[in-house]
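Notes for the structure review
Chain by chain, the residues:
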Amino acid sequence: SFLLGRKVLSDLLNLVERSTLAEARLRLLMQFSGDWYWQQDENRVITRVLYKGKEVDDGIENEVDATDNRIPFVGKARRDVPSLKLISENLNWDSFDKLMIEGTSFTQLRFEYWPQTSPRLIFESSGRPVKNASQQVVGYEGVSVDVTQKALNERLLLGCKKITS
């Protein structure tokens, strides 16, 4: 009877701890603001995307793209998406993969998606590792923000500065 009571209490404490961790994780995610919330597995494959609050299972709906309104990220690693480039300074796909293998959080990494049939899309992503009970990285989650207009304006301004100097 004592052992059974102790087991029930232990299970209850574990449940409370998991609930507390889940709530803390949700609150952390709610601090982010973005157009997309994404999850990926340990192989860096995008497994889930919420676009403007809607679940997307076969691509990201994109109002910018009038001809083909899907961005095919779900089910692929970023580096395997045709027409997607990592354009952040001092990073390439290999260093990005290394960062993720090491379980390092990242903020505002810039990507450019520009297939021949669609307008250019430039977005910044921030993410953090998801760990299991043994503290092993089992994936990543994060948010991405469309910064296309901002990035194009920055490039235009930089071009104007070069011309005037």
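Starting from 1, residues in each chain are numbered consecutively following that chain's sequence as written. Residue-level local features of this predicted model are given only where pLDDT is at least 70; pairs of side-chain atoms are given and counted only at 80 or more, and the full residue set underlies all totals for whole chains, interfaces and linings. The side-chain values count all of the structure's non-hydrogen atoms but skip hydrogen atoms and water molecules.

1. Describing the overall build of the chain
Put simply, the test is: Only runs of H or I of at least four residues qualify as helices and only runs of E of at least two qualify as strands under DSSP, and these elements are numbered from the N terminus. Whether two residues touch is decided by their heavy atoms; if any such pair falls within 4.5 Å, the residues are in contact.
Looking only at helices and strands, the chain features three helices and nine strands. N-terminal to C-terminal, the α/β element order of the chain is α-β-β-β-β-β-β-α-β-β-β-α. Considering only contacts within the chain whose residues lie at least 6 apart along the sequence, 49% involve residues at least 24 apart.

2. Examining the nonpolar core
In plain terms, the rule: Here, nonpolar core refers to any group of buried Ala, Val, Leu, Ile, Met, Phe, Trp, Tyr and Cys residues whose side-chain atoms link them within 4.5 Å. Burial classes: relative accessible area under 20% of the type maximum marks a residue as buried, over 50% as exposed, and values in between as partly exposed (1.4 Å probe, protein chains only).
Counting residues in hydrophobic clusters, the biggest one holds 20 residues, and the most contacted among them are L84, F96, F106, F111, Y113 and F123. Elements supplying a minimum of two residues to this core: β1 (36–41), β2 (46–51), β6 (84–86), α2 (93–101), β7 (106–113) and β8 (121–131). With sequence-adjacent residues up to four places away left out, L84 is seen in contact with F73, R78, W93, F111, E112, Y113 and F123.

3. Things to note about the confidence of the model for the chain
To be explicit about the condition: pLDDT: the predictor's confidence for each residue, scored from 0 to 100.
Put simply, the chain has an average pLDDT of 78, and 67% of its residues get 70 or more. Taken element by element, the predicted model of the chain shows its lowest mean pLDDT in strand β4 (residues 60–61) (45) and its highest in β6 (93). Counting contacts from residues 59–69, a segment whose pLDDT is below 50, to residues more than four positions away or on other chains yields 30 contacts.

4. Overview of the pattern of salt bridges
Keep this limit in mind: The term salt bridge refers to a side-chain nitrogen of Lys or Arg lying within 4 Å of a carboxyl oxygen of Asp or Glu.
In the structure shown here, the tally under the stated rule is eight salt bridges. Residues D94 and R79 are paired through a salt bridge, measuring 3.2 Å at the closest nitrogen-oxygen approach. Taken together, the positions of D94 in helix α2 and R79 in the loop between β5 (70–71) and β6 put the pair 15 residues apart, joining distant regions of the chain. Classification of D94 as exposed rests on a relative accessible area of 53%. Taking the relative accessible area as the measure of exposure, R79 reaches 37% and is therefore partly exposed. For the salt bridge of R128 with E141, the shortest nitrogen-to-oxygen distance reads 2.9 Å. Of this pair, R128 sits in strand β8 while E141 sits in strand β9 (residues 137–146), placing them 13 residues apart in sequence.

5. Describing the pairing of β2
Condition: Here a strand pair is declared whenever DSSP counts at least two bridges between the two strands.
The pairing of β1 with β2 spans five bridges and is classified as antiparallel. Paired with Q39 across the two strands is R48, which belongs to β2. Counting the residues between successive antiparallel strands, the hairpin from β1 to β2 contains four residues, one of them, R44, with a positive phi of roughly 70°.

6. A closer look at the packing of aromatic side chains
As a reminder, the rule being used: Each pair of aromatic rings taken from Phe, Tyr and Trp, with Trp reduced to its six-membered ring, is defined by centres within 6.5 Å and is described as stacked if the planes are under 30 degrees apart, edge-to-face if over 60, and tilted in the remaining cases. Put simply, a charge is over a ring when the Lys NZ or the Arg CZ is close to the ring centre, within 6 Å, and near the line of the ring normal, within 35 degrees.
Following the criterion strictly, the structure yields ten aromatic pairs and no others. Between F96 and F111, the aromatic rings sit 5.8 Å apart at their centres with planes inclined by 80°, giving edge-to-face as the arrangement. On the criterion of sequence distance, the pair formed by F96 in helix α2 and F111 in strand β7 is long-range, its members being 15 residues apart. For F111, a relative accessible area of 0% corresponds to the buried category. Lying over the aromatic face of W38, R78 brings its terminal NZ or CZ to 4.3 Å of the ring centre.

7. Focus on the side chain of S88
We count it as follows: Any pair of nitrogen or oxygen atoms within 3.5 Å is treated as a polar contact; in protein, a donor-acceptor pairing is required on top of that, and neighbouring residues in sequence qualify only through side-chain atoms on both sides.
Tracing the backbone through its elements, the reader meets S88 in the loop between β6 and α2. The buried category is assigned to S88, whose relative accessible area is 13%. Engagement of the side chain of S88 in a polar contact is seen with the backbone nitrogen of R110, the distance being 2.5 Å. Once you skip the residues sitting within four places of it in the chain, S88 turns out to touch Q108, L109 and R110.

8. Considering the environment of D41
Within the element layout of this structure, D41 appears in strand β1. Distance from D41 to E141, taken between C-alpha atoms, is 8.9 Å for residues 100 residues apart in sequence. Excluding anything up to four places from it in sequence, D41 contacts T47, V138 and G139.

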